[in-house]
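# Analysis of the macromolecular model
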Amino acid sequence: MEKAISLKEQGNKALAENKFDEAIKLYTEAISYDDKNQILYSNRSAAYAKAGKFEEALADAEKTIELYPTWPKGYSRKGVALAGLQKYADAFQAYSKGLEYDPKNVTLLQGQSEIKNLVISQLLNQHTPMDIDPQSPPPRREPSPPKAKPQPKDEEENLPENKKLARKAKELGNQAYKKKEFEEAIQHYNEALEHDPADITYYSNLAAVYFEQKEYKKCISQCEKAIEIGRENRADFKLIAKAFTRIGNAYKKLEDWGNAKTYYEKAMSEHRTPEVKTLLSEIEKKIKEEERKAYIDPAKAEEEKEKGNELFKKGDYSTAIKHYSEAIKRNPDDPRLYSNRAACYTKLAAFDLGLKDCDMCVKLDEKFIKGYIRKGKILQGMQQQSKAAAAYQKALDIDPNNAEALEGYRTCTVACHNNPQEVWKNAMSDPEIQQILKDPAMRLILEQMQSDPNAVKDHLKNPNIADKVCKLIESGIVRIH
């Protein structure tokens, strides 16, 4: 733990000196020594955000909240990351959630205020609404040079007559678009195309209108024309990328995930932006989930389970695991499959994997008594008697007369009383227990519990404190007589 603290301090120093990559590296190394410390994830989130790596910053903010749900700073980190990704509504919600735990937190209040001001500013300065789909995230604002400067009047006057007429028609189209008068907008954009058919912008504007009208096939066709014309006339690669992105958005609306992925990838090949990267990541997750669902087949899962059972009886545990794993893929909501695989892991002394499967059993079915009993046996094999007793106790809560659970609980209780030093040693090897015992507030509560058990009742009304006390009881550190 001292190593983690030392690395954290070094990371803080690097962050203060704006050495973001170095800070990230130091915090990452610190986490390898103490992966239950929410402060390390919070600090690394800050470093990622300052380095402009907002997706990574968001992941660390989420981990911070997972480890310490009532800590306002986790929500502050999440708000900063989401704002960096231009997910302003989500950022505002993150700040609001943090204020539920600390209504006067200056950082959270300031974050909310900045989001409000930013959104209002963008709305007031949104002169080119056709650059993006309204459903898509707003583009990242470039600090310099300005995105586009209005042309001087003399330059405007020197334009060919057809381009002047095209621009006037486009402006009329934009005005109609803002008012959601889409048919009128289409007429004006078509007029602009008649005057200047070589400008990619007018095709893109038409595509945006079709997108708003939910005419997604027309939107795709129009974007394809925009790309073709843009290529022929050497249009800015950013405009080409936007057309590809809009095609991806249209396919997403049509729930054609494969094509959506293809066109987001094409957009990224033209111009990489965090917004499109996020869209691509979401689609890839969706595709994986659809593939997972399509693979589910309870009948085939049962066949694989039976094959695993036969191999288990023969003592071929490694091969049995393969069949149970295939059965789980075919029917991931059946707790029996995880229980059977946990039995194989136990026979192979792969206790950590067995515990994970036992936890999944009872997560899927809280009344699945075999999951708790099997977990108790694994923990006994790991010489963690107090935790094993807690597992058996949960089984007895379901069936107080279960002979296997009664015997397991009796054996573990005897072992705990006979060897309290071993219980303490096992408990202190758990980073989560270490962190709870280092918390000054928890230490004060534990002292009160020893001197006046009734005084702790008010503390236990707090779900966070109650959860920590339960963990200490399960570990054997705290005993209830």
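Residues numbered from 1 in each chain as written. Predicted model: local features only at pLDDT ≥ 70, side-chain atom pairs only at ≥ 80, totals over all residues. Heavy atoms only, no water.

## Focus on the UniProt feature "repeat: TPR" (unreviewed entry) in the protein chain
What counts here: UniProt positions are given in the numbering used here, feature names are shortened, and annotations may be inferred rather than shown by experiment. Helical segments are the DSSP runs of H or I of at least four residues, strand segments are the runs of E of at least two, and each set is numbered from the N terminus.
Listed under "repeat: TPR" (unreviewed entry) in the UniProt record, and renumbered for this structure, are residues 4-37, 38-71, 72-105, 166-199, 200-233, 241-274, 301-334 and 369-402. Its end C-alpha atoms 9 Å apart, residues 4-37 is made of 79% helix and 0% strand.

## Focus on the environment of I65
Let me state the cut-off plainly: Three exposure classes are used, based on accessible area relative to the maximum for each residue type with a 1.4 Å probe and protein chains only: buried under 20%, partly exposed in between, and exposed over 50%. When checking whether two residues touch, look at their non-hydrogen atoms; a contact exists if any pair is within 4.5 Å.
When you line up the elements, I65 lands in helix α4 (residues 54-67). Residue class for I65 comes out buried when judged on its relative accessible area of 11%. C-alpha separation for the pair I65 and Y75, spaced ten residues apart in sequence, amounts to 7.0 Å. Residues contacting I65, with those up to four places away along its chain left out, are G74, Y75 and K78.

## Observations concerning the packing of aromatic side chains
Two numbers describe a pair of aromatic rings. These are the distance of the centres and the angle of the planes. Selection rule: For Phe, Tyr and Trp, where Trp contributes only its six-membered ring, two rings pair if their centres lie within 6.5 Å, and the inter-plane angle classes them as stacked under 30 degrees, edge-to-face over 60, or tilted in between. Criterion for a charge above a ring: Lys NZ or Arg CZ within 6 Å of the ring centre, and within 35 degrees of the ring normal.
Within the structure shown, the criterion is met by seven aromatic pairs. Taken together, a centroid distance of 5.7 Å and an interplanar angle of 25° make the contact between Y251 and Y263 stacked. On the criterion of sequence distance, the pair formed by Y251 in helix α13 (residues 237-253) and Y263 in helix α14 (residues 257-270) is long-range, its members being twelve residues apart. Through successive ring pairs, a cluster of aromatic residues spans F244, Y251 and Y263. Its guanidinium or amino end placed over the ring of Y41, K63 lies 6.0 Å from that ring's centre, counting from NZ or CZ.

## Points about the confidence of the model for the protein chain
Basically, it comes down to this: Scored from 0 to 100, pLDDT reflects the predictor's confidence in each residue.
Summarising the model, the protein chain shows a mean pLDDT of 85, and 84% of its residues fall at 70 or more. When the criterion is pLDDT under 50, residues 126-149 qualifies, and its contacts beyond four places in sequence or with other chains add up to 45 contacts.

## Focus on the packing of α4 against helix α5 (residues 72-84)
Rule in force here: Here an axis means a line fitted to C-alpha atoms, over the contact stretch when the element is a helix, while the angle between two N-to-C directions is reported on a 0 to 180 degree scale. Angular relationships are summarised with four words: roughly parallel below 35 degrees, roughly antiparallel beyond 145, roughly perpendicular across 65 to 115, and oblique for the angles in between. With the far helix as reference, a near helix turned anticlockwise by less than a right angle produces a left-handed crossing, and one turned clockwise produces a right-handed crossing. Each residue is assigned to one of three groups, with Ala, Val, Leu, Ile, Met, Phe, Trp, Tyr, Cys and Pro labelled nonpolar, Asp, Glu, Lys and Arg labelled charged, and all others, Gly among them, labelled polar.
In the contact formed by α4 and α5, the axes pass within 8 Å of each other and the chain directions differ by 160°. Here α4 is positioned roughly antiparallel relative to α5, judged by the angle of their axes. Here the hand of the crossing between α4 and α5 comes out left-handed. Residues F54, A57, L58, A61, E62, T64 and I65 of α4 lie in contact with α5, whose contacting residues are G74, Y75, R77, K78, V80, A81, L82 and G84. For the contact of α4 with α5, the per-class residue count stands at nine nonpolar, three polar and three charged.

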